[in-house]
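Next come the chains, spelled out residue by residue.
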Amino acid sequence: MGTDFSRARGSESRFSHWLRRRPKPQQGDAGTARVELLVAVAEAGMPIAPAAHPVGYRCSCERVGCPTPARHPLSFAWQTQSTTDRAQIERWARSQPQANFITATGLIHDVLDVPLSAGTQALERLLAAGIDVGPVATSGDDRMLFFTATRGTPEDEDEWWPCELDCHPETMDEHPGLRWHCRGSYVLLPPAKLPGELDVSWVRGPENPLPDPLTLLETLTDACARFVGSAEQSDVDHESVAWPLSR
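Values in this document were obtained by computation on a predicted structure and should not be read as measured data.

1. Observations concerning the pairing of strand β11 (residues 198-204)
A regular strand places its side chains on the two faces of the sheet in alternate fashion.
Now for step 1: Of all 7 residues that make up β11, 5 are buried, and the element is covered over most of its length.
Now for step 2: In this structure, strand β6 (residues 136-139) lies alongside β11, joined through 4 bridges in antiparallel fashion. If you follow A137 over to β11, its bridge partner there is W202.
Now for step 3: In this sheet, β11 lies alongside strand β10 (residues 192-194) in antiparallel orientation, the contact comprising 3 bridges. In the sheet register, A192 faces β11, and the bridge partner there is V200.

2. A look at the side chain of T219
Now for step 1: Turning to its location among the elements, T219 is positioned in helix α6 (residues 214-246).
Now for step 2: Judged by its relative accessible area of 14%, T219 is buried.
Now for step 3: When neighbours within four sequence positions are excluded, T219 is seen to be in contact with A122, R125 and L126.

3. Side note on the pattern of salt bridges
Now for step 1: Going through the model one piece at a time under the given rule, you end up with 6 salt bridges.
Now for step 2: Taking the shortest distance from any N to any O, the salt bridge between R86 and E36 comes out at 2.8 Å. Residue R86 is found in helix α4 (residues 86-95), and its partner E36 is found in helix α2 (residues 27-43); the two are separated by 50 residues along the sequence.
Now for step 3: Overall, R86 belongs to the partly exposed group, its relative accessible area being 34%.
Now for step 4: What makes E36 partly exposed here is its relative accessible area of 37%.
Now for step 5: Here E90 and R86 are joined by a salt bridge, their closest N and O atoms 2.8 Å apart. Of the two residues, E90 and R86 are both situated in helix α4; the distance of 4 residues between them amounts to about one turn of the helix.

4. A few points about the sheet that holds β10
Now for step 1: A sheet is described by the order of its strands in space; here 6 strands give the open sequence β8-β5-β7-β6-β11-β10, paired in antiparallel fashion. Edge positions in the sheet fall to β8 (179-181) and β10, since each has one partner strand and no second. Strand-to-strand twist across the sheet, computed as the mean angle between neighbouring axes with direction ignored, equals 25 degrees.

5. A few points about the sheet that holds strand β4 (residues 100-104)
Now for step 1: An order of β1-β4-β9 is seen for the 3 strands of this open sheet, with the pairing classed as antiparallel. Looking along the sheet, the strands with just one partner apiece sit at the ends: β1 (48-51) and β9 (186-188). Within the sheet, the average angular offset between the axes of one strand and its neighbour, ignoring direction, is 35 degrees.
Now for step 2: Of the pairings in the sheet, the one linking β1 to β4 comprises 4 bridges and is antiparallel in character. Counterpart to I48 in the pairing with β4 is T103.
Now for step 3: The strands touched by α4 are β1 and β4; relative to β1, the strand with the most contacts, the crossing angle is about 10 degrees.

Cut-offs used in this document
- Residues numbered from 1 in each chain as written.
- Predicted model: local features only at pLDDT ≥ 70, side-chain atom pairs only at ≥ 80, totals over all residues.
- Heavy atoms only, no water.
- Buried < 20%, exposed > 50% of the residue type's maximum accessible area, 1.4 Å probe, protein only.
- Helix = DSSP H or I, 4+ residues; strand = E, 2+ residues; numbered from the N terminus.
- Pairing = 2+ DSSP bridges.
- Contact = heavy atoms within 4.5 Å.
- Salt bridge = Lys/Arg side-chain N within 4 Å of Asp/Glu carboxyl O.
- Axes fitted to C-alpha atoms, helices over the stretch in contact; angles between N-to-C directions.

This is the structure we're talking about:
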């Protein structure tokens, strides 16, 4: 892995560890750090809103069988609720100290969401090529999020289409394993906690300028195709080994 990426990962891991292990008498400091990280996202122009949080392996929404525990907004009105107003973000963060936060995509920024191993390889290649990569985060133990400028704006409605257009099954062969969060979508923001002691953490923070998504897309889709190909080959290899044992 590239030096910049390794350093970022190392520092982020240490910071996440520090937040978890900070002694109780000094938890106010961790709360302040959390607020400042959220405000930094808002100052970069990315609107945010409160989200659910984990309660053990369950979701704080208390919905039986919640399909996305600790990963969804608290309000159905999250799109209109999302804001970059510092005072409002501080009120939310301090009144709901356990809440995660989401950022609504498609107005200022989009997010290219890829498998973690594919994203790790792509990030190394992009940095080695000297390409400007914006904010990047890991989500749990299986996804990596690349924050980019949005494809369009409300003034350019023809180029501002909903996220689900990037997620139909028929498009997966073209962009395997990649989801493009734009209008009508959101992603969970660092710092966030997930069930199973997983988290969402910055690899490259929101102070990095948002790049044009097309500067990253080819490298990311290539890495995703390699990821899918490797997974399929692994399944074939597994079957070829397992078959004689089942006879």
